[in-house]
Amino acid sequence: MKYKKIQKLNPQDLTALAKYYASPVNSGKVTLDDLANRIARSSSLTRGDILNVLSNFLDELPEYLKDGKSVQLGDFGTVRLSFSSQGVDTEEEVNASLIKGVRVIFTPNVKLKDELNRTSFEEAK
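What counts as what
Residues numbered from 1 in each chain as written. Predicted model: local features only at pLDDT ≥ 70, side-chain atom pairs only at ≥ 80, totals over all residues. Heavy atoms only, no water. Pairing = 2+ DSSP bridges. Helix = DSSP H or I, 4+ residues; strand = E, 2+ residues; numbered from the N terminus. Patch = residues over 30% accessible without salt bridge, like charges linked within 9 Å, V, L, I, M, F, W, Y side chains within 5 Å. Areas by Shrake-Rupley, 256 points an atom, 1.4 Å probe, with all protein chains shown as cover. Salt bridge = Lys/Arg side-chain N within 4 Å of Asp/Glu carboxyl O. Lys, Arg positive; Asp, Glu negative; His and termini not counted. Charge placed at Lys NZ, Arg CZ, Asp CG, Glu CD. Buried < 20%, exposed > 50% of the residue type's maximum accessible area, 1.4 Å probe, protein only. Core = buried A, V, L, I, M, F, W, Y, C linked by side-chain atoms within 4.5 Å. Contact = heavy atoms within 4.5 Å. Expected span 1.5 Å × (residues − 1). Axes fitted to C-alpha atoms, helices over the stretch in contact; angles between N-to-C directions. Parallel < 35°, antiparallel > 145°, perpendicular 65-115°, else oblique. Left-handed = near helix turned anticlockwise from the far one by under 90°. Nonpolar A, V, L, I, M, F, W, Y, C, P; charged D, E, K, R; others polar.

Caption draft 1: Highlighting the sheet that holds strand 6 (residues 122-123). As summarised here, the arrangement of the three strands in space is 2-1-6, forming an open sheet in which the pairing is mixed. The two strands at the open ends of the sheet, each matched to only one other strand, are strand 2 (19-24) and strand 6. As paired strands, strand 1 (residues 2-8) and strand 6 are joined by two bridges and run parallel to one another. Its bridge partner lying in strand 6, Tyr3 is registered against Glu123.

And the structure:
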């Protein structure tokens, strides 16, 4: 994976000197079609079969998450919803209108984390 050098100020101490950091370089995007084509090369399924499965998966995933379920994706990891809420003084005041900031949380599986920790890095030119 490539990285670039960037200089940033500390947002908690604006009087401190800026420091340099390694920052990841995005080398592009992979589409569902790209993924389906790659999987089809190492499978007995066609690109269309794989694309169909991936599309159906993406249709179903939000429904499970909205039902409050965590979705365990094998060796990949787990996806779940989380949110923040405005605080109130009494339990009786708590209601759904206080909920904001819905987020999708992904927790990688240990196997995936171990694999990613073996990533090699090089400076982007």
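Read on for the rest.
Caption draft 2: Broad picture of a negative patch on the surface. A grouping of Asp89, Glu91, Glu92 and Glu93 is seen on the molecular surface, where their side chains present a negatively charged patch. Relative to the helices and strands, Glu93 resides in the loop between strand 4 (77-85) and strand 5 (99-108).

Caption draft 3: Layout of a nonpolar patch on the surface. On the surface, Val30, Leu32, Leu35, Ile39, Phe57 and Leu58 cluster together into a nonpolar patch covering about 480 Å² of accessible area. Mapped by element, the contributors of at least two residues to the nonpolar patch are helix 1 (32-41) and helix 2 (47-66). The topology assignment puts Ile39 in helix 1. Ile39 sits in the partly exposed class, given a relative accessible area of 33%.

Caption draft 4: Seen up close, the nonpolar core. Membership of the largest hydrophobic core is limited to five residues, which are Ala36, Ala40, Ile50, Leu51 and Leu54. For this core, the element with the highest residue contribution is helix 2, accounting for three residues. Beyond its immediate chain neighbours, meaning those up to four positions away, Ala36 contacts Arg47, Ile50, Leu51 and Leu54.

Caption draft 5: Representation of helix 2 within the structure. With 20 residues, helix 2 ought to run about 28 Å at 1.5 Å a step, and its terminal C-alpha atoms sit 29 Å apart, in line with that. Among all positions in helix 2, only Ile50, Leu51, Leu54, Leu61 and Leu65 are buried. Looking at the buried positions of helix 2, the neighbouring elements they touch are helix 1, strand 3 (71-72) and strand 4. Positive phi appears at Gly68, one or two residues downstream of helix 2, with a value of about 85°.

Caption draft 6: Structural context of the environment of Gly28. Residue placement: Gly28 occurs in the loop between strand 2 and helix 1. For Gly28, a relative accessible area of 48% corresponds to the partly exposed category.

Caption draft 7: Spatial organisation of the packing of helix 1 against helix 2. Remark: helix 1 packs on helix 2, axes separated minimally by 8 Å, with the N-to-C direction vectors making an angle of 130°. Accordingly, the angle class assigned to the pair helix 1 and helix 2 is oblique. In the crossing of helix 1 with helix 2, the sense of the turn from one axis to the other is right-handed. Across the interface between the two elements, Leu32, Asp33, Leu35, Ala36, Asn37, Ile39 and Ala40 of helix 1 pack against Arg47, Ile50, Leu51, Leu54, Ser55 and Leu58 of helix 2. In the contact of helix 1 with helix 2, the residues fall into nine nonpolar, two polar and two charged.

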